[in-house]
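The chain contents come next:
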Amino acid sequence: MLRRRHGLSTAATALRSLAPSKLPPSTLSENARRHASNASHSHDIAVLGAGITGLATAYFLSKQLPRAKITLYESAPRIGGWLDSSRVDVPGEGGGNVLFEKGPRTLRPAQNGVLAAMLIQELGLENETIFTQNTSPAATNRFLFYPDRLVKMPHPSYGFWENFQNIWSEPVFDRILPSLFWEVWKDPRDESVRDESIGDFFERRFSRTVVERILSGMIHGIYAGDVYKLSARSLFPRPFRDEVTHGGVIQGAAKARTEGLETTKREMEFLNEMKAYKWDARLRRVLRDTSVFTFRDGLGMLVDRLARSLWEAGNVDIQTSTPVKALKLADDKTGVEVTTFKSPDPVRHDTVVSALSPAHLNALAPPNTTLAPDTPSVTVMTVNLYYSQPNMHPPGFGYLIPLATPFEENPERALGVVFDTAYSPSEADTDTSQWNINDMEQLTREREAGRMINVNDFAWHNFPSKPVVQDTVHARGTKVTVMLGGHWWDGWPAYPSEKEGLEMARSVLSRQLLIHQQPQAWSVNLQKDCIPQYTVGHDERLKQAHAGLARQYQGRLRVAGNWMKGVGVNDCLRSAWDVVKGIREGTDGTGLEHVGNEEYVKLKPVRVDRGKEE
Ligand SMILES: C=Cc1c2[nH]c(c1C)Cc1[nH]c(c(CCC(=O)O)c1C)Cc1[nH]c(c(C)c1CCC(=O)O)Cc1[nH]c(c(C)c1C=C)C2
């Protein structure tokens, strides 16, 4: 009884830190809550950390083990970690507000993203989702800034000639075609080389210009990291393997096209499990044409809905503002004792899942032990800016700034700029007279059939009849995010202040996009140690960590998060899914057992005939 009251009040505290409108109605699943809290528990599981990994772990646990007792410990007063969406008022005529994302802003439905898609369905977010169509500029137009201008990356939708001319004339693509051609003739590396940096690998296979002008930009957009430090084996496992098994990267890609892609048995099982899921047919159809999606209130809405669902489940106790101090294997080895800074008495749980960073987890370990491998991370400053003038940048996703961009063109060492307007519609975008489709009956038919349709500069489909918009400003403006820091700030003793960050971002926009105006709204966010860096030898270190955890804890302590097999939100969901599967199946896993799993199977080459899709 005591637990239940405590659980409800702490969950309520967590929920109250969200918008008041998100508080669960008192009628919600009261029976379910009472039932679960009175029942004897099948498992007693603690989850450490209520970022997206911890929340998703608790969610999958509560769904798949409804009789488990789950305690979620979070050191901060709020939940959600790096997923943080907030609204900022825009002063002036039109008024209203704009939504800024401090961290990740969109999700892809592909690969591990099927789990995010599943959450749309299970959390009832269909009518709150903004789907960006994969033919829209936000999906097709990506730019690199080199040497002093935006250059469009090739895309099949531009057609052969436009791509060819671009590749032929722009210095960013200098010698790319010969380097692709010669790759086929290069000797493969010695098999004894177990890992190297992606910079070294692609420089060896292709050329330094490919690495420094193109690849480094792409890596900035995902890892904010240094190509010469990150691991080829961890980040590009397929090409790295193809070099040895097929003689080269191009040969490997060609073989995959003709004979089918190779994937691990584990991935295949996951795909089959996802295929067997009872998908809403309409959602599935829309997602097939979706490049990325987000929600009316940003990705923070996913956090809110997960929290609400945990509340409703009744068997989850969310303890915010409760930092964990220490972890210890129970003397009888059948559980783990968790001590928090709130009480000197340890609480025993059958299983603990850490959704903390390696550094945080190691800080809880008994003296002279490490639980997770040393994994460096980078700090990113995101600077969101909103201007009331529309179209201040070309239509597209945004641009990335590679290593090779001359210093004088990027003295702030920005990593890239995201054009948020591209996927984030505002009230103004509901004005049908501005849409580039005249036949409104066709629009209605398409919408009713659950098909996506281009209605504007960017494309979006909405489930309900009224389009979902993110920003409440009445006129269309321009919303961008400047990304600063990452590996450029490695080893810095201090980071720029908010004021300096804003000045740096404005200076980037002024030089690179010729935006000299004063923004109407902004937000500067320093995200310390937010992206783990999978440096050379990463997989090997994970394997050792797995062996150590398995030996010491025999399945009682497991790990999940973005520091093992992918740094994105979708990867966090996958990691949560996998760890829960291990617990459900009662294996002696650690959450790292998949690392180095090299049992491969072949996927048949897929030919999608869109006309025949249901
Ligand atoms: C906010 C900073 C982030 C940077 N990388 C990531 C975040 C959250 C993680 C990440 N970003 C992308 C992926 C690939 C998978 C995918 O969803 O596409 C991952 C794992 C791609 C991506 N990069 C940028 C955006 C807007 C996206 C789409 C996903 C998202 O919303 O984050 C832009 C971007 N991200 C970073 C930089 C420096 C940058 C520059 C334009 C760092």
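Residues numbered from 1 in each chain as written. Predicted model: local features only at pLDDT ≥ 70, side-chain atom pairs only at ≥ 80, totals over all residues.

Focus: the overall build of the protein chain
Then comes step 1: Looking only at helices and strands, the protein chain features 20 helices and 22 strands.
Then comes step 2: A buried classification covers 46% of the 614 residues belonging to the protein chain.
Then comes step 3: Partitioning the intrachain contacts of the protein chain with sequence separation of at least 6 by distance along the chain shows that 78% fall at a separation of at least 24. (Helix = DSSP H or I, 4+ residues; strand = E, 2+ residues; numbered from the N terminus. Buried ≥ 20, exposed ≤ 12 C-beta atoms within 10 Å, placed from the backbone. Contact = placed C-beta atoms within 7 Å.)

A short note on helix α18 (residues 498-512)
Given 3.6 residues per helical turn, the α-helix brings residues three or four places apart onto the same face.
Then comes step 1: Helix length check: α18 (15 residues) gives 21 Å between terminal C-alpha atoms against 21 Å at 1.5 Å per residue, within 8%.
Then comes step 2: Buried residues along α18 sit in contact with β6 (142-145), β15 (377-387), β17 (414-419), β19 (478-485) and β20 (521-532).
Then comes step 3: Just beyond α18, the residue with positive phi is Leu514, at close to 55°. (Expected span 1.5 Å × (residues − 1).)

Looking at the site of the ligand
Then comes step 1: Around the ligand, a shell composed of 22 residues is seen, among which Pro104, Leu415, Gly416, Met483 and Gly568 lie nearest.
Then comes step 2: Among the elements of the structure, α9 (208-223), β15, β16 (398-400) and β17 are those that each provide at least two residues to the shell around the ligand.
Then comes step 3: Among the elements that line the shell around the ligand, the one with the most residues is β17, at 4 residues.
Then comes step 4: In the shell around the ligand, the residues fall into 11 nonpolar, 9 polar and 2 charged. (Near = placed C-beta within 6 Å. Nonpolar A, V, L, I, M, F, W, Y, C, P; charged D, E, K, R; others polar.)

Some points on the sheet that holds β20
Then comes step 1: Read from one edge of the open sheet, 7 strands run β7-β6-β16-β17-β19-β15-β20, paired in mixed fashion. Looking at the sheet topology across the chains shown, the edges are occupied by β7 (150-152) and β20. The sheet shows a mean angle of 25° between the axes of neighbouring strands, direction not considered.
Then comes step 2: Looking at chain direction, β16 and β17 are connected through 3 bridges and run antiparallel. If you follow Gly398 over to β17, its bridge partner there is Val418.
Then comes step 3: Running at roughly 115° to β16, α9 makes contact with β6, β16, β17 and β20 of the sheet. (Pairing = 2+ DSSP bridges. Axes fitted to C-alpha atoms, helices over the stretch in contact; angles between N-to-C directions.)

Concerning the domain arrangement of the protein chain
Note on interface size: it is often stated as the accessible area lost on association of the parts.
Then comes step 1: Splitting the protein chain by domain gives domain 1 (2-81 + 300-373 + 535-600) and domain 2 (165-266).
Then comes step 2: If you look at the interface, domain 1 gives 11 residues, while domain 2 gives 16 residues.
Then comes step 3: Among the elements that take part in the side of domain 1 that touches domain 2, helix α19 (residues 538-553) stands out by supplying 3 residues, more than any other.
Then comes step 4: Split by residue class, the side of domain 1 that touches domain 2 holds 3 nonpolar, 5 polar and 3 charged. (Domains from an automatic or database assignment.)

Things to note about the sheet that holds strand β10 (residues 316-319)
Then comes step 1: Here we have 5 strands laid out as an open sheet, ordered β10-β2-β1-β14-β21, and parallel in their pairing. Each of the sheet's edge strands pairs with one partner strand only, and the pair in question is β10 and β21 (557-559). The mean inter-strand angle of the sheet, taken between neighbouring strand axes irrespective of direction, is 20°.
Then comes step 2: Looking at chain direction, strand β1 (residues 44-48) and strand β14 (residues 351-354) are connected through 4 bridges and run parallel. Residue pairing in the sheet places Ile45 in a bridge with Thr351 of β14.

Quick notes on the packing of helix α3 (residues 52-64) against helix α15 (residues 300-313)
Then comes step 1: The N-to-C vectors of α3 and α15 enclose an angle of 35°; their axes lie 10 Å apart at closest approach. Relative to α15, the crossing made by α3 is left-handed. In contact with Ile52, Leu55, Ala56, Ala58, Tyr59 and Ser62 of α3, α15 contributes Val303, Leu306, Ala307, Ser309, Leu310 and Ala313.
Then comes step 2: Classifying every residue of the contact of α3 with α15 gives 10 nonpolar, 2 polar and no charged. (Left-handed = near helix turned anticlockwise from the far one by under 90°.)

Quick word on the environment of Pro394
Then comes step 1: For Pro394, the location among the structural elements is in the loop between β15 and β16.
Then comes step 2: Note: C-alpha distance between Pro394 and Leu150 (244 residues apart in sequence) is 9.3 Å.

What to know about the environment of Gly591
Then comes step 1: Of note, Gly591 is situated in the loop between α20 (569-585) and β22 (600-602).
Then comes step 2: Discounting chain neighbours no more than four positions away, the residues touching Gly591 are Arg558, Val559, Ala560, Ser575, Asp578, Val579 and Gly582.

Quick word on unusual backbone geometry
Then comes step 1: Cis rather than trans, the peptide bond between Tyr146 and Pro147 has omega equal to -20°.
Then comes step 2: The phi dihedral of Ser321 is positive, around 50°, even though this residue is not glycine.
Then comes step 3: The topology assignment puts Ser321 in the loop between β10 and β11 (324-329).
Then comes step 4: Look at Ser321 and you get partly exposed, because 17 C-beta atoms sit within 10 Å.
Then comes step 5: One non-glycine residue, Arg413, lies in the positive phi region at around 55°.

Comments concerning the pairing of β19
Then comes step 1: Among the 8 residues in β19, 8 count as buried, and that is most of the element.
Then comes step 2: In this structure, β17 lies alongside β19, joined through 5 bridges in antiparallel fashion. From the neighbouring strand, Phe419 faces β19, where its bridge partner is Val480.

Thoughts on the environment of Gly589
Then comes step 1: Tracing the backbone shows Gly589 in the loop between α20 and β22.
Then comes step 2: Judged by C-beta crowding, with 21 C-beta atoms within 10 Å, Gly589 ranks as buried.
Then comes step 3: Residues Gly589 and Arg105, spaced 484 residues apart in sequence, show a C-alpha to C-alpha distance of 32 Å.
Then comes step 4: Look past the residues within four positions of Gly589 in its chain and what remains in contact with it is Gly555, Arg558 and Gly582.

Topic: the packing of α3 against α20
Then comes step 1: Closest axis-to-axis distance for the α3/α20 pair is 8 Å, and the angle between their directions is 40°. Between α3 and α20, the angle is such that the two are oblique. Here α3 runs over α20; the crossing is right-handed. Across the interface between the two elements, Ile52, Thr53, Ala56, Thr57, Phe60, Leu61 and Gln64 of α3 pack against Val569, Cys572, Leu573, Ser575, Ala576, Trp577, Val579, Val580 and Arg584 of α20. (Parallel < 35°, antiparallel > 145°, perpendicular 65-115°, else oblique.)

Brief notes about the confidence of the model for the protein chain
Then comes step 1: Averaged over all residues, the pLDDT of the protein chain is 88; the fraction at 70 or higher stands at 88%.
Then comes step 2: A low-confidence stretch, residues 1-38 (pLDDT under 50), is modelled with 45 contacts involving residues beyond four sequence positions or located in other chains.
Then comes step 3: Scored below 50 in pLDDT, residues 606-614 shows 2 contacts in the model against residues more than four places distant or in partner chains. (pLDDT = per-residue confidence, 0-100.)

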